[in-house]
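Remarks on the overall topology
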Amino acid sequence: MRGPGGEGVNEPLLEVRGLEVAYGTIPAVKGVDLEVRPGEIVAVIGANGAGKTTTLAAISGLLAPRAGTVRFEGRSLAGRRADEIVRAGVVQVPEGRAILTRLTVAENLALGAYTRRDRDGAARDLEATLARFPVLRQRARQLAGTLSGGEQQMLAIGRALMARPKLLLLDEPSTGLAPLVVAEIFELVSRIRAEGTAVLLVEQNARQALRIADRAYVLETGRVVMAGPAAELAESPEVRRAYLGL
């Protein structure tokens, strides 16, 4: 299907083909294929060491692939710096949140817009982010390191949204959080998608990830071993046994 200007309406926003990444001589990702289409939440699940975080790092320019292609909006990301990839619209929230603990909440959020040149737009987005996260508004002048784990995760997501991503990469957003906070974070992810931002979600909490995702990939030892609609994977005997504890 083609749009009025000839562009492909149903073409992937992100397309990864044959991705290989190694740490020295040790292969970590071994020919991964995946894609994210506009408006989707796509989950990547798997055990520790499956290659999930490494895949995200290669997409966002933090690691150089040994082989394969990463294309965003039809353009190759090969050789582009991480900040250039952010400007293109791909923004990652890293595992462990990586907030700057000695800066205030407001300063952390402002850093999320460092690649932008529209100061007025960034100021409006800062206000919108504080409206989205009332707890961050209450703690705007507080040092980020004094926040709870859930508040720090909200701050990390809010900081990423300040860059106006077209695709948000989320790496293990539920790690170390209480169940009620986990539910709140996943509800937030669903709202972000509803507002028009596609999401690639790496998550060990497979039950929650498959509940909100449209499609999903299962990684084992650096390879995709299953892929399909999230609801179907959630009913797969293999996935239920290995990742859902059923």
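Residues numbered from 1 in each chain as written. Predicted model: local features only at pLDDT ≥ 70, side-chain atom pairs only at ≥ 80, totals over all residues. Heavy atoms only, no water.

It is worth spelling out the sheet that holds strand β6 (residues 90–93) at this point. If you walk across this open sheet you meet the 6 strands as β6-β7-β8-β3-β9-β10, and the pairing is mixed. Of all the strands in the sheet, the pair left with one neighbour each is β6 and β10 (223–229). Taken pair by pair, the neighbouring strands of this sheet meet at an average axis angle of 15°, ignoring direction. As paired elements, strand β7 (residues 167–171) and strand β8 (residues 198–202) share 5 bridges and run parallel to each other. By the bridge assignment for β8, Asp 171 is matched with Val 202. Running over the sheet, helix α1 (residues 52–59) touches β3 (41–45), β6, β7, β8 and β9 (215–220) and is turned about 150° from β7. (Pairing = 2+ DSSP bridges. Helix = DSSP H or I, 4+ residues; strand = E, 2+ residues; numbered from the N terminus. Axes fitted to C-alpha atoms, helices over the stretch in contact; angles between N-to-C directions. Contact = heavy atoms within 4.5 Å.)

The residue Glu 220 is located in strand β9 in this model. The class for Glu 220 is partly exposed, based on a relative accessible area of 38%. For the pair formed by Glu 220 and Ala 183, sequence separation is 37 residues and the distance between their alpha carbons is 26 Å. Contacts of Glu 220, omitting those with residues within four sequence positions, involve Ala 50, Val 225 and Tyr 243. (Buried < 20%, exposed > 50% of the residue type's maximum accessible area, 1.4 Å probe, protein only.)

This part covers the nonpolar core. With 46 residues, the main nonpolar core has Ile 157 and Leu 210 as its most contacted residues. Apart from residues lying up to four places away in sequence, Ile 157 is in contact with Val 93, Phe 133, Leu 170, Ile 185, Leu 188 and Ile 192. Grouped together as the second largest cluster of nonpolar side chains are 28 residues, Val 21, Val 36, Ala 50 and Ala 88 included. (Core = buried A, V, L, I, M, F, W, Y, C linked by side-chain atoms within 4.5 Å.)

With that out of the way, let us pick up the pairing of β6. Every second residue of β6 is oriented toward a common face, with Val 90 and Gln 92 on one face and Val 91 and Val 93 on the other, all of them buried. Inspection of the sheet shows β6 paired to β7 by 4 bridges, in the parallel sense. Its bridge partner lying in β7, Val 90 is registered against Leu 167.

In this structure the tally under the stated criterion is 16 salt bridges. Measuring nitrogen to oxygen at the nearest pair gives 4.0 Å for the salt bridge that ties Glu 20 to Arg 66. Of the two residues, Glu 20 is situated in strand β1 (residues 14–23) and Arg 66 in the loop between α1 and β4 (67–72); the sequence distance between them amounts to 46 residues. Its relative accessible area of 28% is what places Glu 20 among the partly exposed residues. In this structure, the salt-bridge partner of Arg 81 is Asp 83, at a minimum N-O distance of 3.0 Å. With a relative accessible area of 17%, Asp 83 lands in the buried category. The structure contains a network of salt bridges with shared partners spanning Glu 15, Arg 17, Glu 35 and Arg 37. (Salt bridge = Lys/Arg side-chain N within 4 Å of Asp/Glu carboxyl O.)

Of all residues in the chain, 96% have pLDDT values of 70 or greater, and the mean over the chain is 90. Contacts for the low-pLDDT stretch residues 1–8, under 50 throughout, to residues beyond four places or in other chains number 9 contacts. (pLDDT = per-residue confidence, 0-100.)

Moving on to the side chain of Gln 153. With respect to the element layout, Gln 153 can be found in helix α6 (residues 149–161). Overall, Gln 153 belongs to the buried group, its relative accessible area being 2%. In this structure, Gln 153 is in contact with Val 93, Arg 97, Pro 173, Leu 177 and Ile 185, ignoring residues within four places of it in sequence.

Our next topic: the sheet that holds strand β2 (residues 26–36). In space, the 4 strands of this open sheet follow the order β2-β1-β4-β5, with antiparallel pairing throughout. Single-partner strands in this sheet number two, and they are β2 and β5 (75–76). Strand direction decides the pairing type here: β1 and β2, joined by 8 bridges, are antiparallel. Looking at the pairing, Glu 20 lines up with Lys 30 of β2. Along the sheet, α1 contacts β1, β2 and β4; its crossing angle with β1, the most-contacted strand, is approximately 115°.

Bringing α1 into the picture now. Counting buried positions over the 8 residues of α1 gives 7, a clear majority of the element. All of the buried residues along α1 are Lys 52, Thr 54, Thr 55, Leu 56, Ala 57, Ala 58 and Ile 59.

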